[in-house]
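What follows is the residue order along each chain.
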Amino acid sequence: MTRGTSGATRLALALAAAWALLAACESPVIPKPDKPDVEHALTREAFSDRMLVDQLRHDWRELKRADLAPERRQAVIDRYNSRLETLMARLRYDVHAEGSTGATPFQDIVDFSHTGLSLPSLRMVYEDIVPAGEVEFEYLKEHYVAPGLGVPLVGVVPADVARELQDKDAALASAHTQGTVVTLTAVLDFPDTPRNARPNLRFIPRLEQETIDVGRLCYQLAADLSAPMEIYWRLTYEDKNRFLGLLRPQKMRESIGLTSLQPYNPNKIPVVLTHGLLSDARTFGQLVNRLYVDPDIRNNFQFWYFNYPTGPAWVYNAAAYRGALAAVREKVDPKHRNRNWDNMVVVGHSMGGLITHFSQCEEPWNMLVNAEVVDPARLAELDKSHIDKPFEDPAMEQFRQLYFFRPVKAGMVVYFATPHRGAPMADFGIVRLLTGLIELPFAIVNETINMVTLNPDLFLLNPSEMTRWFTSVDQLSPEGYSIRGLQGLKTRDVPTFSVIGNRGRCGLLARSSDGVVPYWSSHINWGVEEFIVPESHSVQKHKDTAEYMKIILHEYLQEHPAIRYTRGSIVNINQESE
């Protein structure tokens, strides 16, 4: 590239390289561009890009007028959006076209230097920028859009870039994934001076900005809230990994950690969702899609997902959960000045609810006492001093991390179909057979063996049973030491809610079940508000659960407001019923 090449040209070439790279790959989750204008009478040959930009300039000037009647203004918005959509389709087709060098006509008529990104070029972030209207829905049941000005897009961020950004500032956390996405809206704005200056093409992060000023007027930005999620879940999770995470958790070690669908925003309250056995974060996809309909929720809360392999026991994964929360906060709020982290909402489904529950306990080491697995003569050694003080024997460090910790600070706790007293199904013969197939990560097995063989004076009764302590299915049994030990532990005094499924096969609630967890196990006694859903174990996927979450999150905002504002409306353009 010559020294005299303009910044706009370099950016256009970078975009071309990014899209051409994607065009060379077969990806079933990202739609390929069709030739633009094939269904229009005015083709590109008859109606040039420059002519299209000139029409958009005229539309922009009309949008600045305060005297337009509402019907006329809406007609101008619709016309502007349609023309801009055609322009974006042409640009994307150019850079995808076979043999394209990236020298598209756009570099001479559109300024790319005001894209709104802090990075020097779009190529450093996006592998593709897909018009949301081209995304076909397979996973999400509803398709929510917000009318307004601009063209909704899905910015596709490749995995290596997502991880690099995560390492820098946790802006896009992504662990086991092919990539992640950003919800964008394209706007072509025209400077007042000089009169015929090139327009600025902006890609606006729609979840961070709701409106745009056009002259002295303010317009809501158009948005497609569902299309980015549809691509995100396809990119990030594969169904085969659910079973792999159970039987071969060592293969899934890279997936452990927190992920987020949007760049970190310190003004929003984190909502941390933790999945259950044989599952992954995608199980919350329908729920979050429905919650994003509410502008108060999407503008005030940021959703994070804790991912983990489900083969190891939930006590072990609870330690990873606390470590992941601490690591992210240390990165984004090292001085712990952001109270939104102290007010975060933690949500757990099934075994994820046990992870959430245990991490809220004030004296977690008493799990060992309640389960009656400690030599009575050694009970004095179990106290809060070991939160910060290691045991004399280094082999006990893993043990200390599991049971000696400060509870996670959270302002609200929500349980979904959580077996607080265990799941009797874990004792079924076929499930026991499955337990025998689980291969624990080497680090767990090695440290367990060290604790047993190198510590003949270990204060546990029957230490030879410890290898069974670290498989998830064993520790979901009502007779498992961790379920027994969890009973009676005191948790932090915060608003707590429990969503419980009832298949309706029993007239008495006390004898009901969601098919996996009976009511008597999901029910807890300490100041918990319960919400019964006519659903099986996957209560998080039911529409009533989303409506209930909207209610309690709104109530929570009354006490812990973040930025609190509501604007615009959302439309479901896919009316498919559940």
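Residues numbered from 1 in each chain as written. Predicted model: local features only at pLDDT ≥ 70, side-chain atom pairs only at ≥ 80, totals over all residues. Heavy atoms only, no water.

Undergrad: Hey, could you run me through the overall build of the chain in this one?
TA: Along the chain, the regular secondary structure elements total 19 helices and 16 strands. Taken across its 578 residues, the chain has 57% of its residues classed as buried. Put simply, 79% of the contacts in the chain that link residues at least 6 apart link residues at least 24 apart. Total accessible area on the chain is roughly 24,800 Å²; 52% of this is exposed by carbon and sulfur atoms. (Helix = DSSP H or I, 4+ residues; strand = E, 2+ residues; numbered from the N terminus. Buried < 20%, exposed > 50% of the residue type's maximum accessible area, 1.4 Å probe, protein only. Contact = heavy atoms within 4.5 Å. Areas by Shrake-Rupley, 256 points an atom, 1.4 Å probe, with all protein chains shown as cover.)

Undergrad: I would appreciate a short explanation of the side chain of Lys-268 in the present structure.
TA: Locating Lys-268 in the fold gives a position in the loop between β9 (257–260) and β10 (269–274). Here the side chain of Lys-268 touches Arg-298 through a polar contact of 3.0 Å, landing on its backbone oxygen. (Polar contact = N/O pair within 3.5 Å; in protein donor to acceptor, adjacent residues only side chain to side chain.)

Undergrad: How should the environment of His-537 be read in this particular structure?
TA: Counting through the fold element by element, His-537 comes out in the loop between β15 (528–533) and α19 (543–559). Looking at His-537, the relative accessible area reads 14%, which means it is buried. Taking the C-alpha atoms as reference points, His-537 and Val-516, 21 residues apart in sequence, are found 6.1 Å from one another. Ignoring any residue separated from it by four or fewer positions in sequence, one finds His-537 in contact with His-349, Ser-350, Ala-417, Asp-514, Val-516 and Val-517. Side chain to side chain, His-537 and Ser-350 meet in a polar contact 2.8 Å long.

Undergrad: Looking at this structure, I do not really get the nonpolar core. What am I missing?
TA: As a rule of thumb, soluble globular proteins bury nonpolar side chains together. One finds Trp-314, Phe-358, Met-367 and Tyr-403 to be the most contacted residues of the largest nonpolar core, which totals 49 residues. Broken down by secondary-structure element, the contributors of at least two residues to this core are β11 (301–307), α10 (314–332), α12 (351–358), α13 (366–370), α14 (397–403), β13 (412–416) and α17 (481–486). Among the elements that take part in this core, α10 stands out by supplying 8 residues, more than any other. With residues up to four places along the chain from it excluded, the contact list for Trp-314 reads Met-351, Leu-354, Ile-355, Phe-358, Met-367, Gln-475, Leu-476, Ser-482, Ile-483 and Leu-486. (Core = buried A, V, L, I, M, F, W, Y, C linked by side-chain atoms within 4.5 Å.)

Undergrad: Explanation requested: the packing of α10 against α12 in the structure shown.
TA: Relative orientation and spacing of two packed helices are given, respectively, by the angle between their axes and the distance between those axes. As a packed pair, α10 and α12 sit with axes 9 Å apart at the nearest point and diverge in direction by 60 degrees. Judged by the sense of rotation from one axis to the other, the crossing of α10 with α12 is right-handed. Taken together, the residues of α12 that come into contact with α10 (itself represented by Trp-314, Val-315, Asn-317, Ala-318, Tyr-321 and Arg-322) are Met-351, Leu-354, Ile-355, Thr-356 and Phe-358. Taken together, the residues that form the contact of α10 with α12 break down as 8 nonpolar, 2 polar and 1 charged. (Axes fitted to C-alpha atoms, helices over the stretch in contact; angles between N-to-C directions. Left-handed = near helix turned anticlockwise from the far one by under 90°. Nonpolar A, V, L, I, M, F, W, Y, C, P; charged D, E, K, R; others polar.)

Undergrad: What's the story with the sheet that holds β9 in this structure? I'm lost.
TA: Within a sheet, neighbouring strands are paired by backbone hydrogen bonds and run either parallel or antiparallel to one another. Read across the open sheet, the 7 strands follow the order β9-β11-β10-β12-β13-β14-β15; overall the sheet is mixed. Where the open sheet ends on each side, the last strands, each with one partner, are β9 and β15. Averaged over neighbouring strand pairs, the angle between their axes works out to 20 degrees when direction is ignored. Note: β10 against strand β12 (residues 345–349), 4 bridges, orientation parallel. The residue bridging Leu-273 from the neighbouring strand is Val-347, located in β12. The strands touched by α12 within the sheet are β10, β12 and β13, with β12 carrying the most contacts at an inclination of about 140 degrees. (Pairing = 2+ DSSP bridges.)

Undergrad: Help me understand α10, please; the structure alone is not making it clear to me.
TA: Every α-helix winds through 3.6 residues per turn, so residues three or four apart in the chain are directed the same way. Taking 1.5 Å per residue as the helical rise, α10 with its 19 residues ought to reach 27 Å, and the 27 Å between its terminal C-alpha atoms agrees with that figure. Taken residue by residue, α10 has Trp-314, Val-315, Asn-317, Ala-318, Tyr-321, Arg-322, Ala-324, Leu-325, Val-328, Arg-329 and Val-332 as its buried positions. (Expected span 1.5 Å × (residues − 1).)

Undergrad: Hey, could you run me through the packing of aromatic side chains in this one?
TA: Where two aromatic rings form a pair, the distance of their centres and the angle of their planes describe that pair. Scanning the model with the defined rule gives 15 aromatic pairs in all. Each ring, one from Trp-233 and one from Tyr-305, has its centre 5.2 Å from the other, and the planes form 80 degrees; the classification is edge-to-face. Here Tyr-305 lies in strand β11 and Trp-233 lies in helix α6 (residues 227–236), a separation of 72 residues in the sequence. Through successive ring pairs, a cluster of aromatic residues spans Trp-60, Tyr-80 and Phe-190. Lying over the aromatic face of Tyr-139, Arg-282 brings its terminal NZ or CZ to 5.3 Å of the ring centre. The side chain of Arg-322 reaches across the aromatic face of Phe-405, ending 3.4 Å from its centre. (Phe/Tyr/Trp six-rings, centres within 6.5 Å; stacked < 30°, edge-to-face > 60°. Lys NZ or Arg CZ within 6 Å of the ring centre and 35° of its normal.)

From the geometry alone we can't say anything about function, so treat these as descriptive.
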